[in-house]
Amino acid sequence: MAKGYVIAHAVVTDAEKWAEYVAKSKIALDKFEGRPIVRGGKCEIIEGNGTQRNVVLEFPSYEHALGYATSPEYAEAKALRAGAGTLDITVVEGV
């Protein structure tokens, strides 16, 4: 079975509120057996309109990744993020 991934690109404007969101989102991450394989860190934008904060979460399957992103647990975390920045999220099936 192919793994699933959540790929996120963020612009953080309030680090304190963002940290609350990250801490709360771990509940959904654990529930759907996800693990971060990229979280921030050094990056270089080579082409296009990239962002400085990039996150890749790996899940056992696409269904797990989608379950995480659409779960009530994640929705609670997302509510804490309001006003703390912007986030683009894509759920992708691996090869």
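If you're wondering where the values come from, they're calculated on a predicted model, not measured in any experiment.

Q: Got a minute to help me understand the sheet that holds strand S4 (residues 85-93) in this structure?
A: Through backbone hydrogen bonds, the strands of a sheet pair up, either in parallel or in antiparallel fashion. Spatial ordering of the open sheet is given by S2-S3-S1-S4, a layout of 4 strands whose pairing is antiparallel. The open sheet terminates on both sides in strands that have one partner only, identified here as strand S2 (35-39) and S4. Averaged over all pairs of adjacent strands, the angle between their axes in this sheet comes to 20°, without regard to strand direction. Of the pairings in the sheet, the one linking S2 to strand S3 (residues 53-59) comprises 4 bridges and is antiparallel in character. Directly across from arginine 39, in S3, lies its bridge partner valine 55.

Q: Explain the pattern of salt bridges to me, please; I cannot follow it from the model alone.
A: Opposite charge on two side chains lets them pair, provided their charged atoms get close. As enumerated under the stated definition, the model contains 5 salt bridges in all. Glutamate 76 is the salt-bridge partner of lysine 24, the closest N and O atoms lying 3.5 Å from each other. Remark: glutamate 76 occurs in helix H3 (residues 72-81) and lysine 24 occurs in helix H1 (residues 15-31); sequence separation between them is 52 residues. Judged by its relative accessible area of 28%, lysine 24 is partly exposed. Its salt-bridge partner being lysine 31, residue glutamate 73 comes within 2.8 Å of it at the nearest N-O pair. Taken together, the positions of glutamate 73 in helix H3 and lysine 31 in helix H1 put the pair 42 residues apart, joining distant regions of the chain. A relative accessible area of 21% means that glutamate 73 is categorised as partly exposed. What you see here is one network of salt bridges that share partners, running through Lys3, Arg35 and Glu58.

Q: Explain the nonpolar core here, please?
A: For soluble globular proteins, nonpolar side chains are generally found buried alongside one another. Within the largest apolar cluster, 17 residues are counted, with the highest numbers of intra-cluster contacts made by Val6, Leu57, Phe59 and Tyr68. Residue assignment for this core shows that the elements contributing at least two residues are strand S1 (4-12), H1, S3, helix H2 (62-69) and H3. Per-element accounting of this core gives the leading share, 4 residues, to H1. Setting aside anything within four residues of it in sequence, one finds tyrosine 68 in contact with Val6, Ser25, Ala28, Leu29, Phe32, Leu57, Phe59 and Tyr74.

Q: Honestly, H3 in this entry has me stumped. Any pointers?
A: For the α-helix, the turn length of 3.6 residues means that residues three or four positions removed from each other point alike. Turning to H3, its buried residues are Tyr74, Ala77 and Arg81. Seen end-on, H3 carries its buried residues on one side only, within an arc spanning 60°. Residues of H3 that are exposed and angled more than 90 degrees away from the buried face: Pro72 and Ala79. As for H3, its buried residues are in contact with H1, H2 and S4.

Reading the values: rules and limits
- Residues numbered from 1 in each chain as written.
- Predicted model: local features only at pLDDT ≥ 70, side-chain atom pairs only at ≥ 80, totals over all residues.
- Heavy atoms only, no water.
- Pairing = 2+ DSSP bridges.
- Helix = DSSP H or I, 4+ residues; strand = E, 2+ residues; numbered from the N terminus.
- Axes fitted to C-alpha atoms, helices over the stretch in contact; angles between N-to-C directions.
- Salt bridge = Lys/Arg side-chain N within 4 Å of Asp/Glu carboxyl O.
- Buried < 20%, exposed > 50% of the residue type's maximum accessible area, 1.4 Å probe, protein only.
- Core = buried A, V, L, I, M, F, W, Y, C linked by side-chain atoms within 4.5 Å.
- Contact = heavy atoms within 4.5 Å.
- Arc of directions from axis to C-beta.

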